[in-house]
Amino acid sequence: MDIYIGWDSREPIAYDVAKASIEEHTSIPTRIIPIKLQDLVAQQAYTREIDPLASTEFTYSRFFTPWLAGFKGWALFCDCDFLFFGDVAGLLKYRDPSKAVACVHHDYTPKEGLKMDGKVQTTYPRKNWSSFMLFNCEHPSTRQLTPERINRESGAYLHRMQWAKDEEIGEIPVSWNWLEGWNEKPSHGKPDAVHFTNGGPWFKDWQNVDYAAEWKSIAERIDPDYKPI
């Protein structure tokens with residue numbers, strides 16, 4: 001499985017932990033690739049102007065996943081603020097060739113305010129659907145996600161998945177994009193993938209969130225000198 005993870009220069013440790021947690025639990029070969037905005041800019045593939053409402057460097061560059069995969073096969077995208085407990089082999093069953101993309105169909109309506117790093121918390125339909133997307137890169141609707149279209153279209157068009165018909169958006173169980181602070185904890189076991197959407201343990205003011213200890217254990221293994229920002 002090819003897995004693309006959004007990378008942000010302000011929190012590289014988040015990417016490192018997400019990657020390590022996938023590798024720790026997978027039973028299938030995986031190729032994990034960071035989506036770095038500066039690389040796409042250097043290639044002149046990404047030409048959008050800076051959006052003051054963009055909360056991460058991969059707010060829009062995530063939609064380059066099918067293009068980066070050469071519009072071949074299936075590819076997973078996820079934000080960097082994930083911690084995996086599940087085996088990504090479990091996602092293979094959701095590869096429906098009739099679908100352009102599959103994701104968790106959240107009904108997520110957080111209160112307006114500021115997120116962990118001072119960014120404005122915005123609310124919109126299908127919020128957080130695009131934080132974890134299993135792309136059918138060869139589907140005609142997905143093949144519309146060319147650099148030209150990604151650079152031209154609005155955030156609403158991209159994040160609300162208006163590039164695909166409603167019936168082309170498959171559904172993945174919530175355990176694969178479990179929103180910390182929003183979704184109920186499982187009665188037993190752990191979610192397959194925890195999403196620290198409001199703030200993660202790499203921020204000093206977010207040390208007491210659910211599954212912070214597990215996240216910090218991996219971070220300290222990667223970098224013994226790691227300190228929250």
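Scroll up to find the structure.
(A) Structural detail: the pattern of salt bridges. Summed over the entire model, instances satisfying the criterion amount to eight salt bridges. Residue Arg221 pairs with Glu24 through a salt bridge whose shortest N-O separation is 2.9 Å. Linking Arg221 in helix 6 (residues 212-222) with Glu24 in helix 1 (residues 12-25), this pair joins segments that are 197 residues apart in sequence. The exposure class assigned to Arg221 is exposed, which follows from its relative accessible area of 52%.

(B) Broad picture of the pairing of strand 3 (residues 74-78). With four of five residues buried, strand 3 is to be regarded as a mostly interior element. With four bridges joining them, strand 1 (residues 2-6) and strand 3 adopt parallel strand pairing. By the bridge assignment, Asp2 is partnered in strand 3 with Ala75. Of the strand pairs in this sheet, strand 3 and strand 8 (residues 132-136) are connected by five bridges, and their pairing is antiparallel. When the bridges of strand 8 are listed, Leu76 appears paired with Leu134.

(C) Just helix 1, in detail. Taking 1.5 Å of rise per residue, 14 residues should cover 20 Å, and helix 1 covers 21 Å from first to last C-alpha, within 8% of that figure. Of all the residues in helix 1, the buried ones are Ile13, Ala14, Tyr15, Val17, Ala18, Ala20, Ser21 and Ile22. Elements in contact with the buried residues of helix 1: strand 1, strand 2 (31-35), strand 4 (82-84) and helix 6.

(D) Structural context of the nonpolar core. Counting 67 residues, the largest nonpolar core has Ile5, Phe84, Phe132, Trp163 and Trp215 as the members making the most contacts within it. Tallying contributions element by element places helix 1 first for this core, with seven residues. Setting aside chain neighbours within four positions, we find Phe84 in contact with Ala18, Ser21, Ile22, His25, Cys78, Phe132, Trp176, Asp192 and Ala193.

Cut-offs and rules
Residues numbered from 1 in each chain as written. Predicted model: local features only at pLDDT ≥ 70, side-chain atom pairs only at ≥ 80, totals over all residues. Heavy atoms only, no water. Salt bridge = Lys/Arg side-chain N within 4 Å of Asp/Glu carboxyl O. Helix = DSSP H or I, 4+ residues; strand = E, 2+ residues; numbered from the N terminus. Buried < 20%, exposed > 50% of the residue type's maximum accessible area, 1.4 Å probe, protein only. Pairing = 2+ DSSP bridges. Expected span 1.5 Å × (residues − 1). Contact = heavy atoms within 4.5 Å. Core = buried A, V, L, I, M, F, W, Y, C linked by side-chain atoms within 4.5 Å.

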